[in-house]
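# Understanding the architecture of this molecule
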Amino acid sequence: MNKKRNEQGEEGLGRELEGLLAFVPPPKAPAWFAAKTLARLRAEKREKRGGWLRIPHWRWLAAGLGVALLLVGILRPDRASLQISDAEVYAALNALVQEDEESRWWAGL
């Protein structure tokens, strides 16, 4: 079968033959192919899923570290002694107002 070159220099079968081939539906896969493919997909899914004991060790370590940090955060002894004085609140509000005034000045408002 001779291949023809089109205007772009690419090889092809020709416009007429490619048009006829476009109308032909692709052949169906044989039954053994479908069965083999489905079996392979099921096996891959089983391997990916695994049991909860197949979780890598670094995940166990990360989970243990997260639980330890949570417990340390909850059971912190100095948690009740956290108090903010009025002077700190007013200083923070003044800094916020000053920052807002500066940004308005830079924006030209």
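Remember, it's a predicted structure, so these values are computed and weren't measured experimentally.

What follows deals with the overall build of the protein chain. Broken down by element type, the protein chain carries four helices and two strands. Along the protein chain, from the amino end to the carboxyl end, the secondary structure elements read β-β-α-α-α-α. By residue count, 2% of the 109 residues in the protein chain fall in the buried class. Of the accessible surface of the protein chain, which amounts to about 11,000 Å², a share of 63% is contributed by carbon and sulfur atoms.

Counted according to the given criterion, the structure contains two aromatic pairs. For the ring pair Trp32 and Phe33, a centre distance of 6.0 Å and an interplane angle of 90° mean the geometry is edge-to-face. Taken together, a centroid distance of 4.9 Å and an interplanar angle of 80° make the contact between Trp105 and Trp106 edge-to-face. For Trp106, a relative accessible area of 69% corresponds to the exposed category.

For the rest of this paragraph, the subject is the pattern of salt bridges. Tallied over the full model, the rule gives two salt bridges. Residues Arg40 and Glu44 are paired through a salt bridge, measuring 3.3 Å at the closest nitrogen-oxygen approach. Taken together, the residues Arg40 and Glu44, both in helix H2 (residues 31-49) and four residues apart, mark about one turn of the helix. Exposure remark for Glu44: the relative accessible area of 35% places this residue in the partly exposed category. With a closest N to O distance of 3.3 Å, Asp100 and Arg104 form a salt bridge. Pair noted here: Asp100 and Arg104 are both in helix H4 (residues 86-107), with a separation of four residues, about one helical turn. For Asp100, a relative accessible area of 38% corresponds to the partly exposed category.

Further remarks concern a nonpolar patch on the surface. Taken together, the side chains of Val67, Leu70, Leu71, Ile74 and Leu75 present a nonpolar region at the surface, about 510 Å² in accessible area. Along the polypeptide, Ile74 turns up in helix H3 (residues 57-74). Accessibility expressed as a relative area gives 48% for Ile74, which makes it partly exposed.

Let us look at the confidence of the model for the protein chain. Predicted confidence across the protein chain gives a mean pLDDT of 81, with 77% of residues reaching 70 or more. By mean pLDDT, strand E1 (residues 4-5) is the weakest element of the protein chain at 60, and H4 is the strongest at 91.

Definitions and limits used
Residues numbered from 1 in each chain as written. Predicted model: local features only at pLDDT ≥ 70, side-chain atom pairs only at ≥ 80, totals over all residues. Heavy atoms only, no water. Helix = DSSP H or I, 4+ residues; strand = E, 2+ residues; numbered from the N terminus. Buried < 20%, exposed > 50% of the residue type's maximum accessible area, 1.4 Å probe, protein only. Areas by Shrake-Rupley, 256 points an atom, 1.4 Å probe, with all protein chains shown as cover. Phe/Tyr/Trp six-rings, centres within 6.5 Å; stacked < 30°, edge-to-face > 60°. Salt bridge = Lys/Arg side-chain N within 4 Å of Asp/Glu carboxyl O. Patch = residues over 30% accessible without salt bridge, like charges linked within 9 Å, V, L, I, M, F, W, Y side chains within 5 Å. pLDDT = per-residue confidence, 0-100.

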